[in-house]
Amino acid sequence: MVRTIFSPRRSVVAVAAVLGLIGLAPISGNRASATASLTATNVALNLAQAVVDTPGVVTGAALLSAPPGAVTTAVVGGVGGFPTGGSTALLMSTGNPSSILLPNTAGNTGTNLAGPTVRGNTDFDVTILRIDLNVPATANCLVGLDFRFFSEEYPEYVGSSYNDAFIAELDQSTWTTSGSTISAPRNFAFDPSGKEISINATGATSMTPAQAVGTTFDGATPALTAATPITPGVHRLFLSIFDQGDRIYDSAVIIDNLRFGYVSDVPNQCKTGAVVLDKSLYVGLGDSYSSGFGNAPYFPGTNKDTGPNDCQRSTRAFAPVVAQALSLKLEFHACQGAISKDFSNPRNATWGELAQNDYLKPNAGLVTFSIGGNDAKFADVLAECILGFELLPFNTCNGDDKVQRPVREAFARLDGTASTPADITPYATLFSTIRAKTPIATRVAVGYPRFYTANGSDRTFLPGGRCEGVKKADQRWMVQKIDELNTIIERNARRNGFLFANPNPGFTGHELCSGNNEWIYGLLSSGRVHPTVAGQNAMADAVLAVLQNDGFQRLQVLPNQTRSFSFVIGSGKQFVSVVTGWPGSDVITTLVSPSGRRYTRQSTDHFRNTGPTFEHIEVQSPEAGSWVVEVFGADVPAAGEPVVVSTYVADPTNVRPQARIQTRIASDGLTLDASASTDSDGTIVGYDWYIATPTTDTVLQGRSVTIPWNKLAELNITLVVADNGGLTDFARTATTGIDVKPGSDVNPIQLTSKGVVPIAVLSTPTLDATTAIDRTSLTAGPNAARPDKTSNEDVNADGRPDLMVHVPQEALGLTLGSTQLCVSGTLKDTSTFTSCDSIRAQ
C-alpha cells in the first residue's frame, strides 16, 4: 500500500471527464487539444515549478546545459495528454520546443542547434535541468514523476546508433555516451530492460505511432511514471534529454506531477523504473464511515496500537471490498475524524498524513469518499442525546438549540448557502477540486446510513424502552438530519457530474434496535456508532450498484460530427445541469431548449465552465419539455472521441413545513391537535406524535389524537410533520402536574369577584419544580398573566416541596364557560412546558 504524503499540485485545471470504469480511455488523451498552450522559456525556476509548484518544495533550479543561443524548453498545457496533475507541465526538446504543436505532415522534424557534446562523444543538443528540492519530513519515496517521450527518430532508426534519450537522476547526474552506448547508472526512469527511455524502449514503455497522434512526432511512449526511494531533506533532481549520434531529427519529453510519499515497504512499494500510468487506480478518501473505523484488522501503521497514526483504515472497509470486486489497485487514505477542511489540510500533523486532496492522482479511475458527518457534529449530537441532560423527562436533544444550531449551520455551509462556519468547506468547492485532480475518474460521493429506524425503536431491557437511552423523538430527528445531509450531498454531487451512493435502502431493517441483525455498532455497547463489517459490505454494495447503473450517456463523436440525445424536463424545475467529459482534444457542447433556444459557448445568459476535457453547463428555470444535448467533434482524432454526458434536473428548493401544537382537555383525555401546521409550498403528508413519560415512549399518527391523561403526569410531546418534499419540522411541548386551587377538584372561579388564584406546579421524583423552573418565565391563562408572587409548599403531602404560583384572577383573561387554565414557562435548561387543569369559570 502506498501512502502519498506529498502531492504538489494545488492549482489544477478543472476537468470533469466522467468516464466509465470499464474501458477507460487513455490518460487525458495524447493529442494537443484546441486549448493547447506553449510558452518557450529558459528560466529554470519557471520550468521547475511546471513540474512541482508548491512553495517550499522547490528551493532552486538551474539549466546546467543547453545548446548555445537556443531555447529548447517550454511550459506547456493541453499537449500530448499533459498536464497529468496540474495547469502546466515541462517540455524539454532537442530542437525547437514549439514544433510539437505542428501537424505531422513532414517526413521529419529537426533543427540542428549545433549543441556540443557534453558527456561523451555522441550526445548532441543536450539539455539538463537541475531542480533543487526540500523533501517533506515523512517521505521515504518519490512515488511518481510522470512523463511521455516523443521522437522523429522513430521508427526508421530503432536499433541504430541514432538513439535520442531521456534520463532522470536523483542527487547526482553521471550519465555518459560513447559511440552507440549510453551509460546511466543513476537513471531511475528506465525501461523493463534497464535501459534509458528512447526509441528503443521495450515492453509496456515501447513507442508507437498512435501515442504521438496530434503532434508533429512519428512516435511516442505511453504516459509513463517512475519512482525511486528518497529521504527527507535536501535533494536534487536532474532531468536530461539529448540527440544521440547526430543533431538532425529531434526528440522531446513532457514531464509533470512530481510527488513524494510514505510507503510501508520501500523495496517492494517504491521500485525504480518507468511503468505505464495505471488507469485502474482507485483512491479511497473520506471520514470514519469510509475508513471502516471500529472494524479490525487495520492496514499497517493506521492504528494507534501499531503507529504512526490512528486513522483506523480497516481492511474490511467498503473501499477494499469495492477494489477487490472490480480488481482495482487501491490507495486508501480515509481517516476517522476527518472533516471537510481535511481535504485541503492534514488531519493531524503528527500522524504523517497529507491533506486528502493531495492523495488524488490524475490517473485515478475511481474515487470514493464520505464527508460531512463530522462537520455536522453528529458525534456531539449523540453524546448530548445519550449522555447529557436530555434524559430528563421534559427534554429532547432535538429541542436544544445548542444541538440544533451547529447542525443547521453546518448543513447551510456545506450546501453553499452560508459563508460560515469558515472551517467547513462547501461541497461545491470540495467537489470541483476533486474533479480537477482526477480528470478521468468516476467519482462517487457516499452517503451516511441511518442510525435508527424511520420512526424510532426501543430495547425493552433499557429504561423507558428506548434505544440505548435515546428517546424515539430524538431518534426520528437524527434520522431526518441524516436524510437531509444525504440530500445535500446528492444534489451537489449530481450537479457536478459525480455519482451518489445511498446506503440506506440496504440498511433498512438493520438499524440499531430494529429487531434484526444490526449493521450499526451501538454507542453504549462499543463506544462508537459506525457500520459493522456487514454495514461496510452494504456500503460497498451501494457503490457497486451506482457504478453499474450510473445513468450517464456515452457517445462516440467523429471529427466534425454532431451527436445528440434528448431528455425531458418537467415544469417548475430550478435548474438543469449538464456535464460532458472526454479524454482529450476538443468537443463542443450545445444545449437546445424545447423552443429551439441554443445555449452555446458564445451565449452569455447561462453558466458555462469549459476546460480542456470537460464542459459544465447550467440553465436556471429551464423550459418544460424535451431538451437536446449536442456534442460536436471540433478537434478529435479520425477514430473519434468517447464522450460521457451527465444530466441533472433540480427540483425547486423545498421550504420546510411549520409544525404547530394545540392542546386542549377533552372529556376522555388530552387532545393534541396539529391542524395549525402549514406547508407554504406543498402539502403535509405525515403527522407523528412522540409522547414520552419518564418511563415510556409512545408514537401515534394523525392530525389530531387524544391520549389518556392524568393531570398530575409528566409528558414530553413532540410533533413531527413531514411534507411531500421530504422535509420535516419538529414542535415540542411538555406538561407536568399542576393543581389549580389545591384542595378542590371542580376548581370553580367566580369571574365577578376579585382575588388571587393559587396554582401548584407539582414536583415529582424526576423534577424538583422549585429549582428546575425559571420563575420569571411563568405565565398563566389566555392573557399570559404574570404571577404576583411564588412560594414553595408541599401541597400534596408527598414529602416534596411544590412551586406555588399566585396569579391575580382579573389578569388571567378567563371568560364565562372557560373549562381549562394553563400555566406555561421555561425550565432552567431552556426547554418549555405548558400544563393545564380543568376549571369552571362562572
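Residues numbered from 1 in each chain as written. Predicted model: local features only at pLDDT ≥ 70, side-chain atom pairs only at ≥ 80, totals over all residues. Heavy atoms only, no water.

A word on the layout of surface pockets
Reported here for the second largest pocket is a volume of approximately 420 Å³. Lining the second largest pocket are 22 residues, with Val-143, Thr-225, Ala-227, Val-275 and Lys-329 positioned closest to its centre. Listing elements by their share of the lining of the second largest pocket, those giving two or more residues are strand 7 (141-151), strand 13 (224-229), helix 2 (266-269), strand 16 (273-276) and strand 18 (329-332). Grouping the constituent residues of the lining of the second largest pocket by class yields ten nonpolar, six polar and six charged. (1 Å grid on protein atoms, 1.4 Å probe; cavity = no way out; pocket = protein on both sides within 12 Å on 5 of 7 lines; lining within 4 Å. Points joined across faces, edges and corners; volume = space filled by probe spheres on them. Helix = DSSP H or I, 4+ residues; strand = E, 2+ residues; numbered from the N terminus. Nonpolar A, V, L, I, M, F, W, Y, C, P; charged D, E, K, R; others polar.)

Here we look at empty space enclosed by the protein
Counting across every chain of the model gives three cavities of 30 Å³ or more. Each pocket or cavity is described by its volume, and for the largest cavity that value is around 50 Å³. Lining the largest cavity are Thr-396, Lys-471, Lys-472, Ala-473, Tyr-690, Ile-691, Ala-692, Asp-697, Thr-698, Asn-716 and Thr-718. Sorting the residues of the lining of the largest cavity by element identifies helix 8 (472-495), strand 33 (684-692), strand 34 (697-701) and strand 36 (715-723) as the ones contributing at least two each. Of the residues forming the lining of the largest cavity, the biggest block, three residues, is contributed by strand 33. Looking at the lining of the largest cavity residue by residue, the classes come out as four nonpolar, four polar and three charged.

Quick notes on the sheet that holds strand 42 (residues 789-793)
With antiparallel pairing, four strands are arranged side by side in an open sheet as 38-40-43-42. On the outer flanks of this sheet lie strand 38 (738-740) and strand 42, each paired with one strand and no other. This sheet shows a mean twist of 25° between the axes of neighbouring strands, independent of strand direction. In terms of strand pairing, strand 42 meets strand 43 (residues 802-808) through five bridges, oriented antiparallel. In the strand pairing of strand 43, Asn-792 is matched with Leu-803. (Pairing = 2+ DSSP bridges. Axes fitted to C-alpha atoms, helices over the stretch in contact; angles between N-to-C directions.)

Focus: the packing of helix 6 (residues 401-414) against helix 8
The axes of two packed helices give the description: the angle between them and the distance between them. Relative to each other, helix 6 and helix 8 sit at 15°, their axes nearing to 10 Å. As judged from the angle between their axes, helix 6 and helix 8 are roughly parallel. For helix 6 against helix 8, the interelement crossing comes out left-handed. When helix 6 is examined against helix 8, the residues Val-403, Gln-404, Val-407, Phe-411 and Leu-414 are found in contact with a partner set consisting of Trp-477, Lys-481, Glu-484, Leu-485 and Ile-488. Among the residues forming the contact of helix 6 with helix 8, the class breakdown is seven nonpolar, one polar and two charged. (Parallel < 35°, antiparallel > 145°, perpendicular 65-115°, else oblique. Left-handed = near helix turned anticlockwise from the far one by under 90°. Contact = heavy atoms within 4.5 Å.)

A few points about the pairing of strand 25 (residues 586-592)
Summarising burial for strand 25: six of the seven residues are buried, a large majority. With two bridges joining them, strand 25 and strand 26 (residues 598-599) adopt antiparallel strand pairing. Paired with Leu-591 across the bridge in strand 26 is Tyr-599. Between strand 25 and strand 26, which follow one another and run antiparallel, lie five residues, and Gly-596 among them has a positive phi close to 95°. (Buried < 20%, exposed > 50% of the residue type's maximum accessible area, 1.4 Å probe, protein only.)

A word on the packing of helix 7 (residues 427-437) against helix 8
At a minimum axis distance of 10 Å, the contact between helix 7 and helix 8 shows a crossing angle of 45°. On the basis of the axis angle, helix 7 is oblique to helix 8. Along this stretch, helix 7 crosses helix 8, giving a crossing that reads as right-handed. Two secondary-structure elements touch here, helix 7 through Tyr-427, Ala-428 and Phe-431 and helix 8 through Leu-485, Ile-488, Ile-489, Asn-492 and Ala-493.

Structural notes on helix 6
Relative to the 20 Å expected for 14 residues at 1.5 Å per residue, helix 6 spans 19 Å between its end C-alpha atoms, a close match to the ideal helical length. Every buried residue of helix 6 is accounted for by Val-403, Val-407, Ala-410, Phe-411, Arg-413 and Leu-414. The buried residues of helix 6 all sit within an arc of 165° when viewed along its axis, so they share a single face. Immediately downstream of helix 6, the backbone of Gly-416 shows phi near 80°, a positive value. (Expected span 1.5 Å × (residues − 1). Arc of directions from axis to C-beta.)

Things to note about the sheet that holds strand 29 (residues 625-635)
Within the open sheet, the four strands sit side by side as 23-29-25-26. Their pairing is antiparallel. Single-partner strands in this sheet number two, and they are strand 23 (562-569) and strand 26.

With respect to the pairing of strand 13
Most of strand 13 is tucked away, with five of its six residues classed as buried. In this sheet, strand 13 lies alongside strand 7 in antiparallel orientation, the contact comprising five bridges. Paired with Phe-147 across the two strands is Leu-224, which belongs to strand 13. In this structure, strand 13 lies alongside strand 16, joined through four bridges in antiparallel fashion. Counted as the bridge partner of Ala-226 is Ala-274 from strand 16.

As for the packing of aromatic side chains
Using the criterion set out here, one finds 19 aromatic pairs in the structure. Pairing Phe-378 with Phe-451 gives two aromatic rings, centres 6.5 Å apart and planes at 85°, and the pair type is edge-to-face. Residue Phe-378 is found in helix 5 (residues 378-387), and its partner Phe-451 is found in the loop between strand 20 (442-446) and helix 8; the two are separated by 73 residues along the sequence. Residue Phe-378 shares its accessibility class with Phe-451, and that shared class is buried. (Phe/Tyr/Trp six-rings, centres within 6.5 Å; stacked < 30°, edge-to-face > 60°.)

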